[in-house]
Amino acid sequence: RLHSTQATFTTHISQLTSHDSLLTTDNSRLTTHKTLTIHNSQLTIHTSAPLSTSNFHNSRLTSHVSRFTHNSQLTMITYEKIFENNAAWVAEKQATDVNFFEKLAKEQNPDYLYIGCSDSRVTAEDMMGAAPGEVFVHRNIGNLVVSIDLNVMSVINYAVKVLEVKHIIVCGHYNCGGVKAALTQQDMGILNPWLRNIRDVFRLHKEELHAIQDPKKQFDRLVELNVREQAINVIKTAAVQQQFIHTGYPIVHGWVMDIKSGRLIDLQIDFEKELKGIQEIYRLV
Ligand code: CO
């Protein structure tokens, strides 16, 4: 499973760039998933294991960080800091528009429904540069759209019929822990029925996936195919099919976030072609 740890440098952040790499621990397995993201003097370190403050002080990370940053102090984001950040965010919004929250409280009128993974590194609004009120968001492990999941089905129905969103995006990401788990031949307990949906995607596309020799490339491809199949699951809903006939919306898209670069990749799903393709069997209008 993948975890991320957010840490703040008090000084010399400018000496680090996203091209720098850090060794996180002596365990070589943990170094394979490392990526750095630096934004507003906040350094985010991605590893395949959770890091705690004690890790920073006791592991090789501390020495590597000090080599880059000279006397800087590494601190974890604390519970209290979240509320300080929130107060700063409120002040910043009000500085640009004194009535910002008054307007926000009145209604929401988003054009986008975003269905993505719960992974803490794939932040919907942040990576889209979207403001409050612009995106209706649903996230779960593996960005799955399961027809008997009342949660995601309620979200889709409300977004389509009440909010009348123009676009529905299913967004996956490389290095997805959920997809990785579905590639593992092991009993995952309570996660089994959920991950089964990803295993089903593998079975649907097993010829293509078995033809890929490189396990990393096979993993990446399964991430893409999972997005594609979940986007098709969105198109299978009565709400989407009916609304599209009446209004020409919503259009369904599939994206992958490349976690190593932060870039969003549009999988260029041909919505109308997919809609026609599924209606032989799934027509609900
Ligand atoms: Co994920």
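Residues numbered from 1 in each chain as written. Predicted model: local features only at pLDDT ≥ 70, side-chain atom pairs only at ≥ 80, totals over all residues. Heavy atoms only, no water.

Engineer: I tried to follow the coordination of the cobalt ion on my own but got confused; where do I start?
Structural biologist: Ideal values for angles at a metal depend on the geometry: 109.5 degrees with four tetrahedral donors, 90 or 180 degrees with six octahedral donors. Looking at the metal site, the cobalt ion is ligated by Cys117 (SG), His173 (NE2) and Cys176 (SG), spaced 2.0 to 2.3 Å from it. Here the donor residues for the cobalt ion map to a single chain with the spacing C-x55-H-x2-C. You'll find His173 and Cys176 in the same group, each marked buried. (Donors = N, O, S within 2.8 Å, 3.2 Å for Na, K, Ca; no water. Buried < 20%, exposed > 50% of the residue type's maximum accessible area, 1.4 Å probe, protein only.)

Engineer: Looking at this model, I keep getting lost on the pattern of salt bridges. Mind explaining?
Structural biologist: Between side chains of opposite charge, a pair can form as their charged atoms come close. The tally for this structure, following the rule as stated, stands at seven salt bridges. A salt bridge links Glu208 to Arg221, with the nearest nitrogen and oxygen atoms 2.4 Å apart. Taken together, the positions of Glu208 in helix 10 (residues 206-210) and Arg221 in helix 11 (residues 215-235) put the pair 13 residues apart, joining distant regions of the chain. Judged by its relative accessible area of 33%, Glu208 is partly exposed. For Arg221, a relative accessible area of 27% gives the class partly exposed. If you follow the salt bridges from partner to partner, you end up with Glu208, Arg221 and Glu224 in one network. (Salt bridge = Lys/Arg side-chain N within 4 Å of Asp/Glu carboxyl O. Helix = DSSP H or I, 4+ residues; strand = E, 2+ residues; numbered from the N terminus.)

Engineer: Looking at this model, I keep getting lost on helix 13 (residues 271-282). Mind explaining?
Structural biologist: Residues three or four positions apart in an α-helix share a direction because the helix packs 3.6 residues into each turn. Residues Phe271, Glu274, Leu275, Ile278 and Gln279 constitute the buried set of helix 13. Each buried residue of helix 13 lies within a common arc of 140° when the element is viewed along its axis, so the set occupies one face. Away from the buried face of helix 13 by more than 90 degrees, exposed residues Lys273, Lys276, Gly277 and Glu280 are located. Tucked into the core, helix 13 has its buried residues touching helix 11, helix 12 (238-247) and strand 8 (251-258). (Arc of directions from axis to C-beta. Contact = heavy atoms within 4.5 Å.)

Engineer: Help me understand the pairing of strand 8 in this model?
Structural biologist: Consecutive side chains of a regular strand alternate in pointing toward one face of the sheet and then the other. Burial analysis of strand 8 places six of its eight residues in the buried class, the great majority of the element. The pairing of strand 7 (residues 167-173) with strand 8 spans seven bridges and is classified as parallel. For Ile168, the partnering residue across the bridge sits in strand 8 and is Val252. Linkage of strand 8 to strand 9 (residues 263-266), two consecutive antiparallel strands, is achieved through a turn of four residues, within which Gly262 is found at a positive phi near 85°. (Pairing = 2+ DSSP bridges.)

Engineer: Can you walk me through helix 9 (residues 192-204) in this structure?
Structural biologist: Look at helix 9: 18 Å from first C-alpha to last across 13 residues, which is about the 18 Å you get at 1.5 Å a residue. The complete set of buried residues in helix 9 reads Leu195, Ile198, Val201 and Phe202. (Expected span 1.5 Å × (residues − 1).)

Engineer: Just checking my understanding: could you explain the packing of aromatic side chains for this structure?
Structural biologist: Counted according to the given criterion, the structure contains five aromatic pairs. Between Phe136 and Tyr158 the ring centres are 5.8 Å apart and the planes differ by 40°, which places this aromatic pair in the tilted class. Residue Phe136 is located in strand 6 (residues 135-140), and its partner Tyr158 is located in helix 7 (residues 150-162); the two are separated by 22 residues in the primary sequence. With 5.0 Å between their ring centres and 75° between their planes, Phe244 and Phe271 make a pair best called edge-to-face. Pair noted here: Phe244 is in helix 12 and Phe271 is in helix 13, with a separation of 27 residues, a long-range link. Accessibility classification places Phe244 together with Phe271 in one group, the buried group. Each member of the aromatic cluster is reached from another via a ring pair, and the members are Trp89, Phe100 and Phe101. (Phe/Tyr/Trp six-rings, centres within 6.5 Å; stacked < 30°, edge-to-face > 60°.)

Engineer: Sorry if this is basic, but what is going on with the environment of Ala159 here?
Structural biologist: Along the chain, Ala159 turns up in helix 7. Note on Ala159: relative accessible area 0%, which makes it buried. As for Ala159 and Tyr114, which are separated by 45 residues in sequence, their C-alpha atoms are 9.9 Å apart. Apart from the residues within four sequence positions on either side, Ala159 is in contact with Leu113, Phe136, Glu164 and Val165.

Engineer: Looking at this structure, how should I read the confidence of the model for the chain?
Structural biologist: Parts of the prediction with low pLDDT should not have their coordinates interpreted in detail. Per-chain confidence: the chain averages 82 in pLDDT, with 73% of residues scoring 70 or above. Across residues 1-34 the pLDDT falls below 50, and counting only partners more than four positions away or on other chains, this stretch makes 101 contacts in the model. Predicted confidence is poor over residues 47-74, with pLDDT under 50, and the contacts of this stretch with residues over four places away or in other chains come to 67 contacts. (pLDDT = per-residue confidence, 0-100.)

Engineer: Explain the side chain of Asp149 here, please?
Structural biologist: Take Asp149: it is sitting in the loop between strand 6 and helix 7. Within the buried set, Asp149 has no salt-bridge partner at all; the shortest N-O distance to an opposite charge, 13 Å, is to Arg139. A distance of 3.0 Å separates a polar atom in the side chain of Asp149 from the backbone nitrogen of Asn151. Among residues more than four places away in sequence, those in contact with Asp149 are Asn140 and Trp194. (Lys, Arg positive; Asp, Glu negative; His and termini not counted. Polar contact = N/O pair within 3.5 Å; in protein donor to acceptor, adjacent residues only side chain to side chain.)

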